[in-house]
Number of protein chains: 2
Amino acid sequence: MLKVVTVEDMALGKDYVTQECSIARALEVVGERWTLLVVRDAIYGVRRYNDFLVHLGIPRAVLSARLRTLTEEGILDKRRYQESPPRDEYVVTERGAALWPALRALGQWGREYVDGSRLRIFRHADCGGDVEAYGTCAVCGTLVPVADVVMVPGPGLDSAPADPVSRALLRPKRLLEPLETDPAQPAH
Amino acid sequence: MLKVVTVEDMALGKDYVTQECSIARALEVVGERWTLLVVRDAIYGVRRYNDFLVHLGIPRAVLSARLRTLTEEGILDKRRYQESPPRDEYVVTERGAALWPALRALGQWGREYVDGSRLRIFRHADCGGDVEAYGTCAVCGTLVPVADVVMVPGPGLDSAPADPVSRALLRPKRLLEPLETDPAQPAH
DNA sequence: CATGTAGGTTCAGTGAACGAACCTACGGTG
DNA sequence: CACCGTAGGTTCGTTCACTGAACCTACATG
């Protein structure tokens, strides 16, 4: 029996088949459920498995799958930061950070047309101006690169969240820089 | 029997539960598979059920579901354009057109980091300048509103596609304006 | 040696996507 | 009138992905 290899063997229903479109190509990579939220957290500075887990409330199996494919796609970089016990962290790459304009635009739309309240405010680190709708600084007018964005909590944000990652994100922080969570209080 | 209504009754797994984040809010609305591609087509000027169907290659049941929820969400407007036989069209609203910056940013990322080839080129209708990475015009520098964008085929695009919608999209066209497909050739 | 923590994998159940078939309403043609 | 074509759907069985819970490994600590 001759087995002909066809397009259908291309694995899964992840691909938007004949779409000749860079939006579709992008969504093939980051369009699955949870994926863009993992990238968002990575840009916010989340790097560790458990921090993604508690902050996103994502099933472990799905988180493992997303971290693996994002690493394979070169959007995250998995690297060992201590040997004993072996611990890895996932650091966003340039390719991943380049998704920031898309995420910011989505967030802008969500705030304007879905939510209404101001949850997080993004400021230009150099001059303190607000980052506006299209990514420019309201004060100096320059197009603010993701590494020069400082995130501060907005008035609509819960000021005493349950999980330590959300609490750490209440402090003003520069994007891409690693998030420092409070050391867990000893049960004693 | 007392039936207590709980969070689990909230229908489906569509919601990113406790996410206090406008990106998550946006993705709750437009984050399902196919949804952003339907909005993209609507912004490109596609308005009719069958045009979405052949251009996207989407299962009919899924298309019906997406058109329904997008209409309910006020992103598309379903309206009757002829009475006999009854025919409806789906027109993108202001709320839907406001997704353009996010779609453009996603497409920009796809072109830079996934695909490489230039499939579609967006120009400022007023002056003919290219629309750049962050939505500004390369010539006059203004932030180009979606209604002033003209889409022309790029060098990477197939010049003789099979379906009539892709063929119609080869002609330069202004975004949001209705797409005019070739009348189907009579079989005779 | 028991307990805790980080970072996973495995598995059964469920909900969503898929593709094919079918249905309705109408217009045009012979 | 019978038949075909088209637009815009719905229905249905199968497959696939997401979910939540349980389990596993490696190491550190008391």
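In what follows, the accompanying structure is described. (Residues numbered from 1 in each chain as written. Chains lettered and ligands numbered in written order. Predicted model: local features only at pLDDT ≥ 70, side-chain atom pairs only at ≥ 80, totals over all residues. Heavy atoms only, no water.)

## Some details on the packing of aromatic side chains
Residue and element names in this part refer to chain A. Enumeration according to the criterion identifies four aromatic pairs over all chains in this entry. Judged by centre distance (6.1 Å) and plane angle (25°), the rings of W109 and Y113 are stacked. Of this pair, W109 and Y113 both sit in helix 6 (residues 100–115), four residues apart, which is roughly one turn of the helix. (Phe/Tyr/Trp six-rings, centres within 6.5 Å; stacked < 30°, edge-to-face > 60°. Helix = DSSP H or I, 4+ residues; strand = E, 2+ residues; numbered from the N terminus.)

## So, the relation of the copies chain B and chain A
In screw terms, the move from chain B to chain A is a rotation of 180° and a rise of 0.0 Å along the axis, fitting with an RMSD of 0.0 Å. The two molecules are tied by a two-fold rotation axis, judged by turn and shift. Residues of chain B ranked by C-alpha distance from the rotation axis are headed by A102(B), positioned 2.5 Å from it. With an isologous cut-off of 70% or more, the 100% of interface residues of chain B that recur at the interface of chain A puts this contact in the isologous class. (Least-squares fit on C-alpha atoms with pLDDT ≥ 70 in both. Contact = heavy atoms within 4.5 Å.)

## Observations regarding the sheet that holds strand 3 (residues 120–124) of chain B
Residue and element names in this part refer to chain B. The strand order 3-4-5 describes an open sheet built from three strands, whose pairing is antiparallel. Of all strands in the sheet, those with a lone pairing partner are strand 3 and strand 5 (173–174), marking the two edges. Of the strand pairs in this sheet, strand 3 and strand 4 (residues 149–153) are connected by five bridges, and their pairing is antiparallel. Its bridge partner being in strand 4, R123 is matched across the sheet by V150. (Pairing = 2+ DSSP bridges.)

## Quick word on the interface of chain B and chain A
For interface size, the figure often reported is the accessible area lost on association. Residue-level contacts link 48 residues of chain B with 48 residues of chain A. When chain B packs against chain A, close to 4700 Å² is buried across both sides, 65% of that on carbon and sulfur atoms. Broken down residue by residue, the surface that chain B buries against chain A is led by E20(B), W109(B) and Y134(B), which jointly contribute 16%. On the surface where chain B and chain A come into contact, there are two salt bridges. A salt bridge links R25(B) to D115(A); the nearest nitrogen and oxygen atoms lie 2.1 Å apart. Where chain B packs against chain A, one counts twelve residue pairs in polar contact (both at pLDDT 80 or more). Of all the secondary-structure elements, those providing two or more residues to the side of chain B that touches chain A are helix 1 (22–30), helix 2 (35–44), helix 3 (49–56), helix 5 (94–97) and helix 6 (100–115) of chain B. If one sorts the elements of the side of chain B that touches chain A by residue count, helix 6 of chain B sits on top with twelve residues. Each residue belonging to the side of chain B that touches chain A can be placed in one class, and the counts come to 28 nonpolar, eight polar and twelve charged. (Buried area = accessible area lost by both parts, 1.4 Å probe. Salt bridge = Lys/Arg side-chain N within 4 Å of Asp/Glu carboxyl O. Polar contact = N/O pair within 3.5 Å; in protein donor to acceptor, adjacent residues only side chain to side chain. Nonpolar A, V, L, I, M, F, W, Y, C, P; charged D, E, K, R; others polar.)

## Section: the pattern of salt bridges
If you walk through the whole model with that rule in mind, you get 22 salt bridges over all chains. R123(B) is the salt-bridge partner of D130(B), the closest N and O atoms lying 3.1 Å from each other. Relative accessible area serves as the criterion here: at 31%, R123(B) is assigned to the partly exposed category. A network of salt bridges, in which partner residues are shared, links R47(A), R79(A) and E89(A). (Buried < 20%, exposed > 50% of the residue type's maximum accessible area, 1.4 Å probe, protein only.)

## Some words on unusual backbone geometry
Residue and element names in this part refer to chain A. Between S84 and P85 the backbone carries a cis peptide bond, its omega angle lying at 0°. Tracing the chain through its elements places P85 in the loop between strand 1 (76–82) and strand 2 (87–92). Backbone geometry places W34, a non-glycine residue, at a positive phi of 80°. Position of W34 relative to the elements: it lies in the loop between helix 1 (22–30) and helix 2 (35–44).

Geometry only, nothing functional implied.
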